[in-house]
Amino acid sequence: MSTIVVVAKGGVAAIAADTLTTWGYSSKDSAEYVVNHQKIIQLGNSYLAISGPAAAQLAIKAYFANVSDISLKSVDTIFDAWTKLHSALKEQYFLNPREGREDAFESTRVDVLIANSEGIFGVDTHRAVQQFSRYYAYGNGSQHALGAMYAVYTQSGLSAEDIARIGIQAAAEFGTDTGLPLICHTVALSR
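Here is a short report on the structure shown in this document. (Residues numbered from 1 in each chain as written. Predicted model: local features only at pLDDT ≥ 70, side-chain atom pairs only at ≥ 80, totals over all residues. Heavy atoms only, no water.)

## Things to note about the overall build of the protein
So the rule is basically this: Only DSSP runs of H or I covering at least 4 residues are called helices, and only runs of E covering at least 2 are called strands; the numbering of each starts at the N terminus. Think of it in three bands: with a 1.4 Å probe and only protein chains considered, a residue is buried below 20% of the maximum accessible area for its type, exposed above 50%, and partly exposed in between. It only takes one pair of heavy atoms within 4.5 Å for two residues to be counted as in contact. In these tables, accessible area is a Shrake-Rupley quantity obtained with a 1.4 Å probe, and a residue counts as shielded only by the protein chains included in the view. Charge assignment: positive for Lys and Arg, negative for Asp and Glu; neither His nor the chain ends contribute. The atom standing in for a charge is NZ when the residue is Lys, CZ when it is Arg, CG when it is Asp and CD when it is Glu.
In terms of regular secondary structure, the protein is built from 4 helices and 11 strands. A total of 191 residues make up the protein; the buried ones form 49% of that total. For the protein, the share of sequence-separated contacts (at least 6 apart) that also reach a separation of at least 24 residues comes to 57%. For the protein, the exposed surface amounts to about 10,000 Å²; the carbon and sulfur share of it is 50%. Here the protein carries 14 positive and 18 negative side-chain charges, and the mean point of each set is 2 Å from the other.

## Focus on helix 2 (residues 75-91)
Rule in force here: A helix's residues, less one, multiplied by 1.5 Å, set its expected span. The directions from the helix axis to the C-beta atoms are what the arc is built from.
Along its 17 residues, helix 2 runs 24 Å from first to last C-alpha, staying within 8% of the 24 Å computed at 1.5 Å per residue. Regarding helix 2, the residues found buried are Ile 78, Ala 81, Trp 82, Leu 85, His 86, Ala 88 and Leu 89. Mapping the buried residues of helix 2 onto a view down its axis gives an arc of 170 degrees, with all of them on the same face. In helix 2, those exposed residues whose orientation departs by more than 90 degrees from the buried face are Asp 76 and Glu 91.

## Here's the deal with the pattern of salt bridges
The cut-off we apply is this: A pair is scored as a salt bridge if a Lys or Arg side-chain nitrogen falls within 4 Å of a carboxyl oxygen belonging to Asp or Glu.
One pass over the full model with this rule turns up 4 salt bridges. For Lys 84, the salt bridge is made with Asp 80, and the minimal N-O distance between the two is 3.2 Å. Separated by 4 residues within a single helix, Lys 84 and Asp 80 lie in helix 2, roughly one turn from each other. The partly exposed category is assigned to Asp 80, whose relative accessible area is 39%. In this structure, Glu 161 engages Arg 165 in a salt bridge whose closest nitrogen and oxygen atoms are separated by 3.0 Å.

## Quick look at the sheet that holds strand 10 (residues 135-139)
Basically, it comes down to this: Note on pairing: two strands pair once DSSP finds at least 2 bridges between them. Convention adopted: a line fitted to C-alpha atoms gives each axis, helices being fitted over their contacting stretch, and angles between N-to-C directions are expressed from 0 to 180 degrees.
Spatially, the 4 strands line up as an open sheet ordered 10-1-2-11, and their pairing is antiparallel. The sheet is open, and its two borders are formed by strand 10 and strand 11 (183-188), each paired with just one other strand. Neighbour to neighbour, the strand axes of the sheet diverge by 10 degrees on average, direction disregarded. As paired elements, strand 1 (residues 3-9) and strand 10 share 5 bridges and run antiparallel to each other. When the bridges of strand 10 are listed, Val 7 appears paired with Tyr 135. Lying on the sheet, helix 3 (residues 142-152) is in contact with strand 1 and strand 10; it crosses strand 10 at an angle near 165 degrees. Sitting on the sheet, helix 4 (residues 160-174) is in contact with strand 1, strand 2 (12-17) and strand 11, with an inclination near 155 degrees to strand 1.

## Here we look at the packing of helix 1 (residues 54-65) against helix 2
Helix packing for two helices is described by the angle between their axes and how far apart those axes are. Filter applied, for reference: Roughly parallel means an angle under 35 degrees; roughly antiparallel, over 145; roughly perpendicular, 65 to 115; everything else is oblique. In a left-handed crossing the near helix is turned counterclockwise from the far helix by less than a right angle, and in a right-handed crossing that turn is clockwise. The residue classification treats Ala, Val, Leu, Ile, Met, Phe, Trp, Tyr, Cys and Pro as nonpolar and Asp, Glu, Lys and Arg as charged. All others, Gly included, are polar.
Between helix 1 and helix 2, the shortest axis-to-axis distance is 11 Å and the interhelical angle comes to 115 degrees. Relative to helix 2, helix 1 is oriented roughly perpendicular. Read as a crossing pair, helix 1 and helix 2 show a hand that is right-handed. Side by side, helix 1 and helix 2 meet where Ala 59, Ile 60, Tyr 63 and Phe 64 of the first sit next to Trp 82, Lys 84, Leu 85, Ala 88 and Leu 89 of the second. Broken down by class, the residue content of the contact of helix 1 with helix 2 amounts to 8 nonpolar, no polar and 1 charged.

## Remarks on the sheet that holds strand 8 (residues 119-123)
Strand order across the open sheet formed by 5 strands is 5-6-7-8-9, with antiparallel pairing between neighbours. Of all strands in the sheet, those bounded by a partner on one side alone are strand 5 (40-43) and strand 9 (129-132). The sheet shows a mean angle of 25 degrees between the axes of neighbouring strands, direction not considered. In terms of strand pairing, strand 5 meets strand 6 (residues 46-51) through 4 bridges, oriented antiparallel. Counted as the bridge partner of Leu 43 is Ser 46 from strand 6. Taken strand by strand, helix 2 contacts strand 6, strand 7 (111-116), strand 8 and strand 9, and its axis lies near 145 degrees from that of strand 9.

Following this line, the structure appears as structure tokens:
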């Protein structure tokens, strides 16, 4: 798994991810061994950080490379994009959407955070979309990242990028499925 975070502060959005790949319960590959270790992809003016199976990033990147009318600027447009993506993941990329029998909706099996000029957003495995006001995290190290970002968010002198980096660093320090180095991108917010 992984840890991904988004932060909005001071007119800037930051998105960050670790670079560790884990396989099952007993194997891990660090960025030192994996060339394509980045978990953040850029789609136009948006950055997407992906937490889930390693194949998910490849499938999502391939899908959006072939879609020209994508908008990730609001909760509604992101939900629409993810509904279409889910269908394509099943039909073109062979996603197995089954998780628990109690789930009301099929799972896309990935959590994604988005940063763009309109704000910071999250899409969970069942395609619920939320817009966040300050920060958020997904992945195995999310509790560590959220706690660290909560502790420092109001400190003056810390930028959105500083806070995002602190979140990933805390997750790497205390979580077994998160590893450094981290990757971070920023974008100016329009409001």
